[in-house]
Amino acid sequence: MINENFYHGKKVLITGHTGFKGSWMCRMLLQLGADVTGFALQPPSAPNLFTLARVEESIHSVEGDIRDLARLRSVFEQVRPEIVIHMAAQPIVRESYRNPVYTYDVNVMGTVNVLECVRMTPSVQSFVNVTTDKVYKNREWSWGYRENEELNGFDPYSNSKSCSELVTESYRNSFFADGRTAISTARAGNVIGGGDFAIDRIVPDCFRAIEEKREIVVRNPCSVRPYQYVLEPVTAYLLIAAKQYEDGRYAGSYNIGPDEDSCLTTGELVTELCKGWERISGEKSCWKHQGDGGPHEASFLKLENSKIKSALGWKPVWKREKMIAKTVEWMWKYLNDEDAVKITEDQIKEYFTDILIHR
C-alpha cells in the first residue's frame, strides 16, 4: 500500500514517538529509510517499547512537551520537516476523568501548538493528526460510524479528541486553503499489539495478570470494539501522509478500523488471548468479569472503513486470528528474553510481505 521508495530520505517529525504506536511507527519508518525526528515526553510506562526496541539509538529524539510552544517551534525550525505526524496525547479514558484539565490542555492546546508550528514552517507539505474512533457522538448503534457523523465524544478524553478534530479543520480552512500543506485526521479503532505496557488497557492488563499468574479481571466483557493490530493504523497513517504529499486532493478525514468480521467483544478478545497463550506456552490462564464502579464507557463502537479503502487502497491485512496470534507471539518472545528489536522488525517485515500477498 505504501510506495517503498517514498519515505527514503524524507524528513519526518513525529510527536508522541515514545508511546506504543509511536515506537512502532519509528521502527517502520527506519525500515523505509526515512530521516526521523521525534518530539515527546519520556516513555509513559516501565517497561516500554521505545526503550526495549532501542528506538532512540536510530533517530533524532527530542524530549519535550507539546504544550511548550516555544520549545516545539525551535525543533521545527531546526529540523524543517517535510511530513509531520501528530500522535502526542493523553490517551487513556479513565485518566481523563481523573485529570480532565490536563487532558484538554494536552489534546486540544497541544494540537493548536503543533498546527501553529506547521503553519510557521514552509517545509511541511503533509500533516496527519491522529485522533481516535471515540470522536463520534456514540449512539450505541450496531453499525459503524462514517466520517461525516457528528463529532461529540462523551468523556473528557473522547471529547478532547473531538475538539482536536475541530481545531484541525479550522486551521485547514483558515491557513491552508491555498493547498501549501495537505492536512488530514485519522480516526483509528482500538489498537492492540506487542510492546504495549500501558495501564488501563485490556491487553497489557491481561499480560500483566498472566505474568503474575493471577486471574485476569475484565470490567466490560460485552463491550464491542474495533480491535486491530498496531501495524494496521501505523501503515494507514503513513499511507495518508504519503498520498496527500503527492496529491493534496487526498487530504481529509479517515476512519481506520477492521472489517466487520474482525470486530469482537472484549470478552471474546480476552478468551482468544488466553487460548493463544496456552497454545504457545502450555500454560492455562482464565478471566473473570468484575466491574469496579468506574466511569461511563461506551458499550458498542464500530467504524465504517470504506472511505480509506476506496480512496487510498488501504485494507486490513491481519484479521482477527492473526491479530491475536501476533500479539501473543510478541509478548511470549519478550518474556522469554528475545531481542525486542528483532521481534518488532520481524513482524514489520512479515506484515509488509502479507500486504503483497493480499493485494
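Just above, that's the structure.
Criteria and thresholds
Residues numbered from 1 in each chain as written. Predicted model: local features only at pLDDT ≥ 70, side-chain atom pairs only at ≥ 80, totals over all residues. Heavy atoms only, no water. Phe/Tyr/Trp six-rings, centres within 6.5 Å; stacked < 30°, edge-to-face > 60°. Buried < 20%, exposed > 50% of the residue type's maximum accessible area, 1.4 Å probe, protein only. Helix = DSSP H or I, 4+ residues; strand = E, 2+ residues; numbered from the N terminus. Lys NZ or Arg CZ within 6 Å of the ring centre and 35° of its normal. Core = buried A, V, L, I, M, F, W, Y, C linked by side-chain atoms within 4.5 Å. Contact = heavy atoms within 4.5 Å. Arc of directions from axis to C-beta. Salt bridge = Lys/Arg side-chain N within 4 Å of Asp/Glu carboxyl O. Pairing = 2+ DSSP bridges. Axes fitted to C-alpha atoms, helices over the stretch in contact; angles between N-to-C directions. Expected span 1.5 Å × (residues − 1). Bend = angle between axes of the 7 residues up to and from the residue. Right-handed = clockwise from strand over helix to strand, strands pointing away.

Another point: the packing of aromatic side chains. In the structure shown here, the tally under the stated rule is 13 aromatic pairs. Look at Phe6 and Tyr7: their rings are 4.8 Å apart centre to centre, the planes differ by 85°, and that puts the pair in the edge-to-face class. On the basis of relative accessible area, Tyr7 is assigned to the buried category, the value being 0%. Relative to Tyr229, the ring of Trp24 lies with its centre 6.1 Å away and its plane at 75°, an arrangement referred to as edge-to-face. On the criterion of sequence distance, the pair formed by Trp24 in helix α1 (residues 20–31) and Tyr229 in strand β10 (residues 228–229) is long-range, its members being 205 residues apart. Neither Trp24 nor Tyr229 differs from the other in exposure class; each is buried. When the ring centre of Phe6 is taken as reference, the NZ or CZ atom of Lys10 above it lies at 4.3 Å. One Lys or Arg, Lys307, reaches over the ring of Tyr254 and ends 4.8 Å from the middle of that ring.

Turning our attention to the nonpolar core. Formed by 75 residues in total, the largest nonpolar core has its most connected members in Tyr7, Trp24, Leu238 and Trp330. When residues of this core are assigned to their parent elements, the largest contribution, 10 residues, is made by helix α8 (residues 231–246). Sequence-distant contacts of Leu238, that is, excluding residues within four places in its chain, are made with Ile2, Tyr7, Met25, Met28, Leu29, Leu32 and Ile85. Judged by nonpolar contacts, the second largest core, of 23 residues, contains Ile66, Val114, Leu115 and Tyr171.

A few words now on helix α3 (residues 69–79). Residues that lie three or four places apart on an α-helix share one face, since the helix turns once every 3.6 residues. Those residues of α3 that fall on the buried side of the exposure criterion are Leu72, Val75, Phe76 and Val79. All buried residues of α3 project into a common sector of 100° when viewed along the axis, lining one side. Residues of α3 that are exposed and point over 90 degrees away from its buried face: Ala70 and Gln78. Where α3 is buried, its residues contact β1 (11–15), β2 (35–40), β3 (60–63), β4 (83–86) and α5 (100–119). Remark: Arg80 follows α3 within two positions and exhibits a positive phi of approximately 50°.

The subject of this paragraph is the pattern of salt bridges. Per the counting criterion, the structure on display carries 32 salt bridges. Arg214 is paired through a salt bridge with Glu212; the nearest N and O atoms lie 2.6 Å apart. For Glu212, a relative accessible area of 48% corresponds to the partly exposed category. Within this structure, Lys322, Lys326, Glu329, Lys333, Glu350 and Asp354 form a network of salt bridges that share partners.

Moving on to the sheet that holds β3. Taking strand neighbours across the sheet as the criterion, the 7 strands line up as β3-β2-β1-β4-β5-β6-β11 in an open arrangement whose pairing is parallel. Each edge of the open sheet is held by one strand with a lone partner, namely β3 and β11 (253–256). Within the sheet, the average angular offset between the axes of one strand and its neighbour, ignoring direction, is 15°. Bridging between β4 and strand β5 (residues 126–130) involves 4 bridges; their strand directions are parallel. When the sheet's bridge partners are listed, His86 is paired in β5 with Asn129. Lying on the sheet, helix α6 (residues 156–175) is in contact with β5, β6 (182–188) and β11; it crosses β6 at an angle near 165°. Here α8 sits on the sheet in contact with β4, β5, β6 and β11, set at roughly 150° to β5.

Look at α5: 28 Å from first C-alpha to last across 20 residues, which is about the 28 Å you get at 1.5 Å a residue. At Gly110, α5 shows its largest kink, close to 25°.

With 5 of 6 residues buried, β2 lies mostly within the body of the structure. Where β1 lies against β2, 5 bridges are found, and the strand directions are parallel. Counted as the bridge partner of Leu13 is Thr37 from β2. Between the parallel pair β1 and β2, the chain is carried across by α1, and the sense of this crossover is right-handed.

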